[in-house]
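Below, each chain spelled out in residue letters.
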Amino acid sequence: MSKHGITRRNFLRIAGGTLGAGIATGLPLPVYAAGKRVEPMALLTSNASFDPVRPEMGRLIAQACKGIGWKVKLAAEDYNLGITKVFKEQDFDMFIVRWTGRANRIDPETFIYMQHHRDGAYNKWGYNNPKVNQLAEAQEVEMDPIKRQKLVYEAQQVLFDDVARSPIVYPSMTNAYREDRLQGLVPMVGEGIGSFWSDINVSVKKGDGYVLTGQTSPLKNLNPISVTDSNEFKELRMIYDRLAQVGPDGALVPWAASAITAVDDTTVDITLREGMKFHDGKPVTIEDVKFTFDYHKKWKAPFFISSLNKFQSVKITGPNSMRIKLTAPHAPLMINFFAQIFILPKHIWKDIPEKVDVDDVLNFANEKPIGSGPFRFEYWDRGKELKVAANPDHFNAPKCDGIIRITYGSHDAMAAAIEAGECDRTRYILKPSLVLDLDKLPGIVGRGYPSHGFYDLGYNHRRGALKDRAFREAVDLIIPRDVIRDIVMSGFAENGGSVIAPANKFWHNPAVKANVTNVKKARGILQQAGYSWDGDGQLLYPA
């Protein structure tokens, strides 16, 4: 992985943090089936067609669990089904997921509050630590970046000490592209060459002007209200404009808003860029922006509702301007809200769901989306292709004629298509070993780009021994991180420790180090906590 992360200067431009001391708390002790065998559990991962390294990691971790006398079964499933089990049904024991280094995740809000606060939108694993809750709330309202950094540092240490989860490795974004066909790609931290900035700046050297972009998971949603998945955000941002964008270096870039001004800690003025039009020719107005905020709040848009709940009022102050009053300071607002929410055409969405065949806007398919973004929707062949064409009237018109997103059944198939010249680039990750192979071929570049995401072993804190911090610590200590880094990831990774990766330089706490694999130490921790083993070597709960 590259040693070059986001600079401190860029973070100071875009973020704000919280002063505060942690509160000493005693968490309730878990209740066990005393003296009984620790029950076998399942480790859920995506299948190899979506990401081949996850089941490989899962097999190694399941095998390692035998070292502490615990039976773990690997369950590799369809990616979307697995996401449903974890985030909707909350029916899982443990899971491996890759938290992508998406642009908004440069701000620590996702990895501190949203994933670990008891009310966090992504906290589907029942984690509840009062000290973490206090720190997560404090960092949200602290607008001084240095003070906020101290709180985020402390939260990382508390989460590590409590073994809230086990970051496995910090992977590079492993991408490949045909340099004999494409030029102008703009890598971005966390997204590599699949970034928005690549989409609008890439051009085609030969052949037709469309960029053929490969992905191994089918697109399942084009609804900008219900969007939560990274893959959906990446396609919707081509069609819909945002008020701001996160630039390739992590700095905030004005976009549909010509200015976003913090008048004070709870007052924000927005000036809309003039002359913008939706793809059906209707003008984009400040009324559309206000409607977007009101509509997302009314329908409780899952990704945006936590920010919108802090809106006290939204008032139009001029032909192209508005003022937002907040109930309290909200440091993540710039990146997590203004640089993420998609501007809706009021003249279309005001009649939804009443005039379409759904009861809830979140279930609306939006199969022919109309936005104001740099690309116009052409067609969506579910499970196969999405085609968008360049919008020449956009204020930042793309340099290519359009993009065709092609779904491949596996990483091997996508790599073969790149080799054959049938695919121009990867949108998301490609298996590291395939990247190395492709890089040896003429006309193709395979490379790892810096990322602030991580592969994660997540625990359901409501289940069995996973409720016990000592047990989770023992599991963390047996993860074979070196093997995963060197063999599974072909060296395109660093060992994981903190929930904020080193590439995210300003927010990463360098004092939080990855544990070194040590089965003997893991067994000692279990023994000290009262666990024992039966005659077959199987782990028993404390008597």
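Residues numbered from 1 in each chain as written. Predicted model: local features only at pLDDT ≥ 70, side-chain atom pairs only at ≥ 80, totals over all residues. Heavy atoms only, no water.

1. Brief notes about the overall build of the protein
Of the regular secondary structure elements, the protein holds 17 helices and 23 strands. The C-alpha atoms of the protein give a radius of gyration of 24 Å, which matches the 24 Å a tight globule of 543 residues would have. For the protein, the spread of C-alpha atoms along the three principal axes comes to 75 × 55 × 50 Å. In the protein, buried positions account for 59% of the 543 residues. Here the protein displays about 20500 Å² of accessible surface, and carbon together with sulfur accounts for 51% of that area. Averaging the locations of the 69 positively and 62 negatively charged side chains of the protein gives two centres separated by 3 Å. (Helix = DSSP H or I, 4+ residues; strand = E, 2+ residues; numbered from the N terminus. Rg over C-alpha atoms; globule rule 2.2 N^0.38 Å. Buried < 20%, exposed > 50% of the residue type's maximum accessible area, 1.4 Å probe, protein only. Areas by Shrake-Rupley, 256 points an atom, 1.4 Å probe, with all protein chains shown as cover. Lys, Arg positive; Asp, Glu negative; His and termini not counted. Charge placed at Lys NZ, Arg CZ, Asp CG, Glu CD.)

2. As for the sheet that holds strand E12 (residues 267-272)
Here we have four strands laid out as an open sheet, ordered E11-E12-E14-E13, and antiparallel in their pairing. The open sheet is flanked by strand E11 (257-264) and strand E13 (311-318), the only strands paired with a single partner. Averaged over neighbouring strand pairs, the angle between their axes works out to 20 degrees when direction is ignored. (Pairing = 2+ DSSP bridges. Axes fitted to C-alpha atoms, helices over the stretch in contact; angles between N-to-C directions.)

3. Some thoughts on the pairing of strand E16 (residues 385-390)
Counting buried residues along E16, five of its six residues qualify, which places the element largely inside the surrounding structure. Where strand E15 (residues 375-381) lies against E16, six bridges are found, and the strand directions are antiparallel. Considered in E16, the bridge of Trp380 is made with Leu386. Connecting E15 to the antiparallel partner E16 that follows it, the hairpin turn spans three residues, and Gly383 within it adopts a positive phi of roughly 80 degrees.

4. Details of the sheet that holds strand E20 (residues 454-459)
Spatially, the six strands line up as an open sheet ordered E2-E1-E3-E20-E4-E21, and their pairing is mixed. Two strands lie at the open edges of the sheet, namely strand E2 (72-77) and strand E21 (493-495), each paired on one side alone. With direction set aside, neighbouring strand axes in the sheet form an average angle of 25 degrees. Relative to strand E3 (residues 94-99), strand E1 (residues 41-46) runs parallel, the two being bridged by two bridges. By the bridge assignment, Leu44 is partnered in E3 with Phe95. The strands touched by helix H3 (residues 79-88) within the sheet are E1, E2 and E3, with E1 carrying the most contacts at an inclination of about 130 degrees. (Contact = heavy atoms within 4.5 Å.)

5. Brief notes about the pairing of E12
Looking along a regular strand, one sees side chains alternate from face to face of the sheet. Pairing geometry for E11 and E12, over six bridges, is antiparallel. The partner of Thr261 across the bridge, within E12, is Asp269. If you look at the hairpin formed by E11 and E12, you'll find two residues sitting between the two strands. Note that E12 and strand E14 (residues 321-326) share five bridges and pair antiparallel. Residue pairing across strands places Thr267 opposite Lys325, the latter belonging to E14.

6. Regarding the side chain of Lys310
Tracing the chain through its elements places Lys310 in the loop between helix H10 (305-308) and E13. On the basis of relative accessibility, which here comes to 19%, the residue Lys310 falls in the buried class. Within the structure, Lys310 has its side chain in polar contact with the backbone oxygen of Ser306 (distance 3.0 Å). Once residues lying within four places of it in the same chain are set aside, the contact partners of Lys310 are Glu140, Lys325, Leu326, Thr327 and His330. (Polar contact = N/O pair within 3.5 Å; in protein donor to acceptor, adjacent residues only side chain to side chain.)

7. A closer look at empty space enclosed by the protein
To find leftover empty space, one rolls a probe the size of a water molecule over the atoms. A volume near 100 Å³ is recorded for the largest cavity. Taken together, Leu44, Thr45, Ser46, Arg54, Tyr79, Gly82, Ile83, Val86, Phe87, Phe95, Ile96 and Val97 make up the lining of the largest cavity. Here the lining of the largest cavity takes five residues from H3, the largest share from any one element. (1 Å grid on protein atoms, 1.4 Å probe; cavity = no way out; pocket = protein on both sides within 12 Å on 5 of 7 lines; lining within 4 Å. Points joined across faces, edges and corners; volume = space filled by probe spheres on them.)

8. Things to note about helix H4 (residues 109-116)
Summarising burial for H4: eight of the eight residues are buried, a large majority. In the core, the buried residues of H4 are packed alongside E3, helix H5 (130-141), helix H6 (145-161), helix H11 (333-338) and E20.

9. A short note on the nonpolar core
Ranked by internal contacts, the top residues of the largest apolar core, which has 150 residues, are Trp70 and Phe293. Residue contacts for Trp70: discarding those within four places in its chain leaves Val38, Glu39, Pro40, Met41, Cys65, Met94, Leu466, Phe471 and Val475. Grouped together as the second largest cluster of nonpolar side chains are 18 residues, Ala176, Ile404, Ala415 and Leu430 included. (Core = buried A, V, L, I, M, F, W, Y, C linked by side-chain atoms within 4.5 Å.)

10. Some thoughts on the environment of Leu43
Structurally, the position occupied by Leu43 is in strand E1. Those residues in contact with Leu43 that sit more than four places away from it in its chain are Gly58, Ile61, Val72, Lys73, Leu74, Ala75, Met94, Phe95, Ile96 and Leu457.

11. Things to note about the environment of Trp299
You can see Trp299 is positioned in the loop between helix H9 (286-298) and H10. For Trp299, a relative accessible area of 19% gives the class buried. Taking the C-alpha atoms as reference points, Trp299 and Lys205, separated by 94 residues in sequence, lie 45 Å from one another. Once residues within four sequence positions are removed from consideration, Trp299 is found in contact with Pro353, Asp359, Asp360, Val361 and Leu362.

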